[in-house]
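# A look at the structure
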Amino acid sequence: MQKRKTRVIYNCDADNMFIYDYPMTVDNVNRYVDEVVGKDITTFFMCCNYGMDMNFRGKTTQLIGDRLTAEQVEALKDPAVNKPASFQRGILNLRHLIQQGHDPLGLVISRAREKGCETFVTFRLNEVHCVDEEPDSVLLSKFWLEHSEWRIGKVGDPLPDLHKTILGLVHPIVASWLPAGLDFAVPQVRDFVLAQLTEVCERYPLDGLDLDFQRFPIYFRFGQETSNLPIMTEFVRSIRSMTNRVGGRRGRPLLLSARIMETPEQNLGLGLDPVSWVREGLVDFVTVSHYLRNTHPLPIGDFRRLLPSDAPIYGSIEFEREPERYREIARQLWKDGADGIMLFNFFCSREGGSDPMFWLLDEIGQRGRMIDDSST
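Keep in mind that what you see is a predicted model, and the values were worked out from it rather than measured.

### So, unusual backbone geometry
Here the amide bond leading from Tyr22 into Pro23 is cis, since omega sits at -15°, within 30 degrees of zero. Locating Pro23 in the fold gives a position in the loop between strand E1 (7-12) and helix H1 (26-37). Following Arg215, the chain continues into Phe216 via a peptide bond in cis, with omega recorded as 20°. If you trace the backbone, Phe216 turns up in the loop between strand E6 (208-212) and helix H9 (229-250). Of note in the backbone geometry, Cys130 takes a positive phi value of approximately 65° without being a glycine. Within the element layout of this structure, Cys130 appears in the loop between strand E5 (118-124) and helix H5 (142-146). Relative accessible area serves as the criterion here: at 15%, Cys130 is assigned to the buried category. If you check the backbone angles, Asn345 has positive phi at about 65° while not being a glycine.

In structure tokens, the structure reads:
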């Protein structure tokens, strides 16, 4: 049996590097990568979804802010608006880097690879940030705005109990966004997303592509999830075919992973069948995740019993404010047999003015040390 690979994954969202220094330089970008990858991090995930649009300008994708007029972009430069940790600063910095001849996402990927990290782009398949602000929010895409008929429902529609359980105690506004997601039963939606994924994989020298199904967890009309299980599996199959094709042209594998719900039942209830995806070889590994809260231990063992013995299973740790909470959760994941750990939103303390606890990255990725510490 092939030994399962141990990974410590740092999941970086699309904007947190771009919302502080202004105007940004390549050195600024490199510094934000370097503070992470010099630790025990083996794998760097960089998200490309800045809302529904991207943090790069492509052929099938829009750069966030490209729907704005020249006057609206100029208004973002007002010091009263262009503040640290604001999306306005992020938009301006992305545009500035592009005007200087750089590809913002490409800079991050290149630096992480240069520093020896396995590097993935992570893609949020059904972004719904700020859909309640239609049509004004800069986080909304032209595609979503023009195709209301392809949405699952509308903002504020009642959620089934399953979705409430997955979301947990998130802000009610966030819960209200979910029903306005796109319906993946619609072929045009799947085609659009596949075109975006294809461009990302062809454009950048990636080691892998991660499909983030957890943020946000909605894909089909309520009550139609089970009947659409084959459709989503066929969609994942088409993505795998694409990554195989791109990897074949490059002469090295392009891995495919999935960030999924915390239990097998929750995934099936949403119309997702990651157990079958792994058994069929459509994805190389899965990361089991809560939705933004570490409310209880993840049931790694439940997935271990269902998946092939050589399939890696990783557990996600969502943002915590205290170092001991990170240690506690990491110990439990290692003890429960996780093959590695993902850190999600680890950088969030910076938005409140405190540097992230990067020194912890040299602790929680050490399986033997963490388990030994728990027994003393």
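Structure's up, so let's keep going.
### Some words on the packing of helix H8 (residues 187-203) against H9
Axis separation between H8 and H9 bottoms out at 10 Å; the angle between their running directions is 20°. In terms of orientation, H8 and H9 fall into the roughly parallel class. Note that H8 runs across H9; the crossing there is right-handed. Each of Arg190, Val193, Leu194, Leu197, Thr198, Cys201, Glu202 and Arg203 in H8 lies in contact with H9, whose residues at this interface are Ile231, Phe235, Ser238, Ile239, Met242, Thr243, Val246, Arg249 and Arg250. For the contact of H8 with H9, a count of residues per class yields 9 nonpolar, 3 polar and 5 charged.

### Thoughts on the packing of H1 against helix H4 (residues 104-114)
At their nearest, the axes of H1 and H4 sit 9 Å apart, and the two run at 50° to each other. As summarised for this structure, H1 and H4 are arranged oblique, according to the angle between their axes. The way H1 lies across H4 gives a crossing that is right-handed. Across from Val26, Val29, Asn30, Val33 and Asp34 in H1, the residues of H4 making contact are Leu107, Val108, Arg111 and Ala112. Of the residues contributing to the contact of H1 with H4, the split by class is 6 nonpolar, 1 polar and 2 charged.

### Describing H9
When the terminal C-alpha atoms of H9 are compared, their 32 Å separation across 22 residues agrees well with the 32 Å that a helix rising 1.5 Å per residue should span. Among all positions of H9, only Leu229, Met232, Thr233, Phe235, Val236, Ile239, Arg240, Met242, Thr243, Val246 and Gly247 are buried. Looking at the buried residues of H9, the elements they touch are H8, E6, strand E7 (255-260), helix H10 (264-270) and helix H11 (274-280). One or two steps after H9, the chain reaches Gly251, where phi turns positive at roughly 80°.

### Considering H4
Buried residues dominate H4, accounting for 8 of its 11 residues. Within H4, burial applies to Pro104, Leu105, Gly106, Leu107, Val108, Ile109, Arg111 and Ala112. Residues of H4 that are buried sit in contact with H1, strand E2 (43-47), helix H3 (87-99) and E5. Looking at where H4 begins, the residue whose side-chain oxygen comes 3.2 Å from the main-chain nitrogen of Leu105 is Asp103. Looking one or two residues beyond H4, the residue adopting positive phi is Gly116, at roughly 90°.

What counts, and at which threshold
- Residues numbered from 1 in each chain as written.
- Predicted model: local features only at pLDDT ≥ 70, side-chain atom pairs only at ≥ 80, totals over all residues.
- Heavy atoms only, no water.
- Helix = DSSP H or I, 4+ residues; strand = E, 2+ residues; numbered from the N terminus.
- Buried < 20%, exposed > 50% of the residue type's maximum accessible area, 1.4 Å probe, protein only.
- Axes fitted to C-alpha atoms, helices over the stretch in contact; angles between N-to-C directions.
- Parallel < 35°, antiparallel > 145°, perpendicular 65-115°, else oblique.
- Left-handed = near helix turned anticlockwise from the far one by under 90°.
- Contact = heavy atoms within 4.5 Å.
- Nonpolar A, V, L, I, M, F, W, Y, C, P; charged D, E, K, R; others polar.
- Expected span 1.5 Å × (residues − 1).
- Polar contact = N/O pair within 3.5 Å; in protein donor to acceptor, adjacent residues only side chain to side chain.

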